[in-house]
Amino acid sequence: METVLGLSVTATNVQTVLVEGRDADGATLEHGEFAAFSGDVSPARASEQVAEAVLSLAQAEGHRLHAIGVTWSRDADLEAALVIDSLADLGFDNVVPVQLPRAAEALACSIGRVIGYRRTAVCVVEPHTVVLSLVDTFDGEVETLIGHPMSGTELLDWVSSIFDRDDWRPEGLFVVGSVGGLNTLAAWLEQGLG
């Protein structure tokens, strides 16, 4: 089965998602997170460990990795570059760097298709950036907005002002990112947005 692997690299961890289909348009097969850059090992060794984990996924029975998409937060340029280099050292020539806004759009499209929502929003909250992607699953229309880091109240006001437009009221909002307290923030947004 052809698959696509997504890696999201931050300054402290790596999140993985393995999706079936040449275009990552199938079901999510597995996902995980591990503290790769925790300070216990050098960044170079940590990136090698990430590449070795990818190799074991690639060698799993029945999986043919069509592509590996790597996205990263702004504070993880070095870590992402090391991961990409380590993947190349292991012979992966199918690694594609993906800018964070494009990764958010792809995630919103995928979630919308899987759940069956017509309009889906993904809010990526990072220490230095907030990205909000709105996707119409059926007609493919996408709008991505990028903001500066915001407090909870500012974020709620910003997202609410976007959702108040009749043409972009989504059926679901998914909050992801590498900042601490993400579950609390998501619950607070859910309550504030109704």
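Residues numbered from 1 in each chain as written. Predicted model: local features only at pLDDT ≥ 70, side-chain atom pairs only at ≥ 80, totals over all residues. Heavy atoms only, no water.

What follows deals with the environment of R102. With respect to the helices and strands, the residue R102 is situated in helix α3 (residues 100-115). It is 9.9 Å that separates the C-alpha atoms of R102 and V131, two residues lying 29 residues apart in sequence. (Helix = DSSP H or I, 4+ residues; strand = E, 2+ residues; numbered from the N terminus.)

In this model helix α4 (residues 152-163) runs 16 Å from its N-terminal to its C-terminal C-alpha over twelve residues, within 8% of the 16 Å that 1.5 Å per residue would give. For α4, the complete set of buried residues consists of L155, L156, W158, V159, I162 and F163. Buried positions in α4, seen along its axis, are confined to an arc of 165° and lie on one side of it. At its buried positions, α4 is contacted by β6 (119-125), β7 (130-136), β8 (142-147), β9 (172-177) and α5 (182-193). (Expected span 1.5 Å × (residues − 1). Buried < 20%, exposed > 50% of the residue type's maximum accessible area, 1.4 Å probe, protein only. Arc of directions from axis to C-beta. Contact = heavy atoms within 4.5 Å.)

Strand order in the open sheet made by the five strands is β3-β2-β1-β4-β5, with mixed pairing throughout. Strand pairing shows two members of the sheet lacking a second neighbour, β3 (28-34) and β5 (95-97), which therefore form its edges. Neighbouring strand axes in the sheet, compared pairwise and without regard to direction, differ in orientation by 15° on average. Bridge count between strand β1 (residues 2-9) and strand β2 (residues 14-20): seven bridges; the pairing is antiparallel. Considered in β2, the bridge of S8 is made with Q15. (Pairing = 2+ DSSP bridges. Axes fitted to C-alpha atoms, helices over the stretch in contact; angles between N-to-C directions.)

All right, on to the pairing of β7 then. With seven of seven residues buried, β7 is to be regarded as a mostly interior element. Residue alternation in β7 divides its side chains into two sets, V130, L132, L134 and D136 and V131, S133 and V135, and both sets are buried. Counting the residues in the hairpin turn of β6 and β7 gives four residues. Strand direction decides the pairing type here: β7 and β8, joined by six bridges, are antiparallel.

Moving on, we get to the packing of helix α1 (residues 43-58) against helix α2 (residues 77-89). Contact geometry of α1 with α2 gives a least axis separation of 8 Å together with a crossing angle of 50°. Here α1 is positioned oblique relative to α2, judged by the angle of their axes. Classified by chirality, the crossing of α2 by α1 is right-handed. Here P43, A44, S47, E48, V50, A51 and V54 of α1 come into contact with α2, specifically with L82, V83, S86 and L87. Grouping the constituent residues of the contact of α1 with α2 by class yields eight nonpolar, two polar and one charged. (Parallel < 35°, antiparallel > 145°, perpendicular 65-115°, else oblique. Left-handed = near helix turned anticlockwise from the far one by under 90°. Nonpolar A, V, L, I, M, F, W, Y, C, P; charged D, E, K, R; others polar.)

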